[in-house]
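# Summary of the model geometry
One-letter residues, chain by chain:
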Amino acid sequence: MAQKPKVVVTRALPQTAQRLLDAESGLEIVQWPSEQPCERPWLLEHSKDAAGILLMLTDTCDEKLLQAAGGNLKVIASFSVGTDHVERDALKKRNIRLGYTPTCLTDAVADLTVMLILMAQRVGGEAMRKVLAGEWPQMPWSPLLMTGPQIRSATVGFLGFGRIAQATLKRLLPFGISGAIYLTSKPGQPVRDDHFGLIKEAYIPIEPAKDWKQLASESDVVIVGCALTPSTKHFVNSEFFAHMRKLSVLINIARGPIVDTDALVKALEEGQIFGAGLDVVENEPNIAIHHPLLKQPRCVLVPHIGSATIETREQMATESVRNLLAGLKGEAMVNEVEL
Ligand code: DGY
């Protein structure tokens, strides 16, 4: 009897997605059983002769993994929109397809972005910390207590202006922001994809920045939403902070290494910017309790929960399984990266 194609799945999946996968009786499914990240040696060992691998953003997909898998591998399905953990060239040269989940998480991440903007501007992290530490009695209401900049009339700058950025902008319009500028890999050029018909219909100026200096110096809120690539690593560095407004906030919902953490700490300590709202940070999740970033009263850091709504995570899981199966069968994926 012919052997069943093997698929490796690096995490326990939400129920609907798991059922969809388990219904494929023609597959040998090898699955890491826990919701905790899969161990690298386990992945290398079990990927041998796999035809497909469904993995998370915590799993590196590189030459070593592809070599361990061998020549049967047809598809990688990543449970994420970001694919910086995948060596695209290594897939391309082997004709391995890459599926990802760029559409179903847009609303969830845009919602969290708005939360982080408001938390950063309104000193939400520190306000909660003080109440929880029992300090409220020592700081009764007073006119300037915990005051921060207001979102109304803000100019919002977007580093990267894809779906999530545009969905965030859509949410910010009713707050009365005064304008938006964006920087993409083609500075100064009008954006190619108007995902929500927003730019066409906008009643505020939404314009391309000519360069990063213009974006940094004219924005009250800077939102990092671009992909992590060698050219965006530490794009937001001390020079960038030096151009930012004193009452501005920096939001990062993309990938930690796009922002130089040491430079961010310095910018906060020296009052070059007002605050920061971060869903991601360099070397996450390994940030020590004594790290100076965690001592910054105006920095809010949450543990990479941008897409963490029940609905979205179920959709991401289901879409990842669909991409995996489509890749095995040579069919169209829900979303495939053009390599
Ligand atoms: C992704 O899918 O890349 C996001 O970072 C998850 O929140």
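Predicted model only: the values in this text are computed from it and were never measured.

## Re the site of the ligand
Around the ligand sit Leu57, Ser80, Val81, Gly82, Leu105, His304, Gly306 and Ser307, and those are all the residues in its vicinity. Along the lines of polarity and charge, the residues of the shell around the ligand split into three nonpolar, five polar and no charged.

## Some remarks on the UniProt feature "domain: D-isomer specific 2-hydroxyacid dehydrogenase catalytic" (unreviewed entry) in the protein
Mapped onto the present numbering, the UniProt feature "domain: D-isomer specific 2-hydroxyacid dehydrogenase catalytic" (unreviewed entry) falls at residues 7-337. Between the end C-alpha atoms of residues 7-337 the distance is 20 Å, and the span holds 33% helix and 15% strand.

## With respect to the domain arrangement of the protein
According to the domain assignment, the protein contains domain 1 (6-104 + 311-329) and domain 2 (106-301). Put simply, the middle of domain 1 and the middle of domain 2, counted by C-alpha atoms, are 32 Å apart. Taken together, the contact pairs five residues of domain 1 with six residues of domain 2. The class makeup of the residues in the side of domain 1 that touches domain 2 is one nonpolar, three polar and one charged.

## With respect to the UniProt feature "domain: D-isomer specific 2-hydroxyacid dehydrogenase NAD-binding" (unreviewed entry) in the protein
Sites flagged by UniProt as "domain: D-isomer specific 2-hydroxyacid dehydrogenase NAD-binding" (unreviewed entry) map to residues 114-306. Helix makes up 27% of residues 114-306 and strand 15%, with an end-to-end C-alpha separation of 11 Å.

## Looking at the packing of helix H1 (residues 15-22) against helix H12 (residues 310-329)
Contact pair H1 / H12: the axes reach a minimum separation of 8 Å and the direction vectors enclose 15°. Taken together, H1 and H12 sit at an angle that is classed as roughly parallel. As H1 packs across H12, the resulting crossing turns out to be right-handed. Each of Thr16, Ala17, Leu20 and Leu21 in H1 lies in contact with H12, whose residues at this interface are Glu314, Ala317, Thr318, Ser320 and Val321. Each residue belonging to the contact of H1 with H12 can be placed in one class, and the counts come to five nonpolar, three polar and one charged.

## A word on the sheet that holds strand E4 (residues 75-78)
Adjacent strands of a sheet pair through backbone hydrogen bonds, lying either parallel or antiparallel. Taken in spatial order, the five strands of this open sheet run E2-E1-E3-E4-E5, and their pairing is parallel. Every interior strand has two partners, whereas the edge strands, strand E2 (28-31) and strand E5 (97-99), have only one. Neighbour-to-neighbour, the strand axes of this sheet turn through a mean angle of 15°, independent of strand direction. Pairing geometry for strand E1 (residues 6-9) and strand E3 (residues 50-55), over four bridges, is parallel. Considered in E3, the bridge of Val7 is made with Gly52.

## Here's the deal with the sheet that holds strand E11 (residues 275-278)
Pairing in this open sheet of seven strands is parallel, and the strands run E8-E7-E6-E9-E10-E11-E12 from one edge to the other. Of all the strands in the sheet, the pair left with one neighbour each is strand E8 (206-208) and strand E12 (299-301). Pairwise comparison of adjacent strand axes, ignoring direction, gives a mean angle of 15° for this sheet.

## With respect to the pairing of E2
In the sheet, E1 pairs with E2 via four bridges, with the strands oriented parallel. From the neighbouring strand, Lys6 faces E2, where its bridge partner is Glu28.

## Things to note about unusual backbone geometry
With an omega of 0°, the peptide bond running from Glu284 to Pro285 counts as cis. Along the polypeptide, Pro285 turns up in the loop between E11 and E12. One non-glycine residue, Ser153, lies in the positive phi region at around 75°. With respect to the element layout, Ser153 can be found in the loop between helix H6 (124-132) and strand E6 (155-159). Located in the positive-phi region is His234, a residue other than glycine, with phi close to 55°. Among the secondary structure elements, His234 is positioned in the loop between strand E9 (221-224) and helix H10 (238-243). The exposure class of His234 is partly exposed, given the 15 C-beta atoms found within 10 Å.

## Brief notes about helix H7 (residues 163-172)
In terms of burial, H7 is largely enclosed, as seven of its 10 residues are buried. Against helix H5 (106-121), E6, strand E7 (179-183), helix H8 (198-201) and E9 lie the buried residues of H7.

Analysis parameters
Residues numbered from 1 in each chain as written. Predicted model: local features only at pLDDT ≥ 70, side-chain atom pairs only at ≥ 80, totals over all residues. Near = placed C-beta within 6 Å. Nonpolar A, V, L, I, M, F, W, Y, C, P; charged D, E, K, R; others polar. UniProt positions renumbered as here; feature names shortened; annotations may be inferred. Helix = DSSP H or I, 4+ residues; strand = E, 2+ residues; numbered from the N terminus. Domains from an automatic or database assignment. Contact = placed C-beta atoms within 7 Å. Axes fitted to C-alpha atoms, helices over the stretch in contact; angles between N-to-C directions. Parallel < 35°, antiparallel > 145°, perpendicular 65-115°, else oblique. Left-handed = near helix turned anticlockwise from the far one by under 90°. Pairing = 2+ DSSP bridges. Buried ≥ 20, exposed ≤ 12 C-beta atoms within 10 Å, placed from the backbone.

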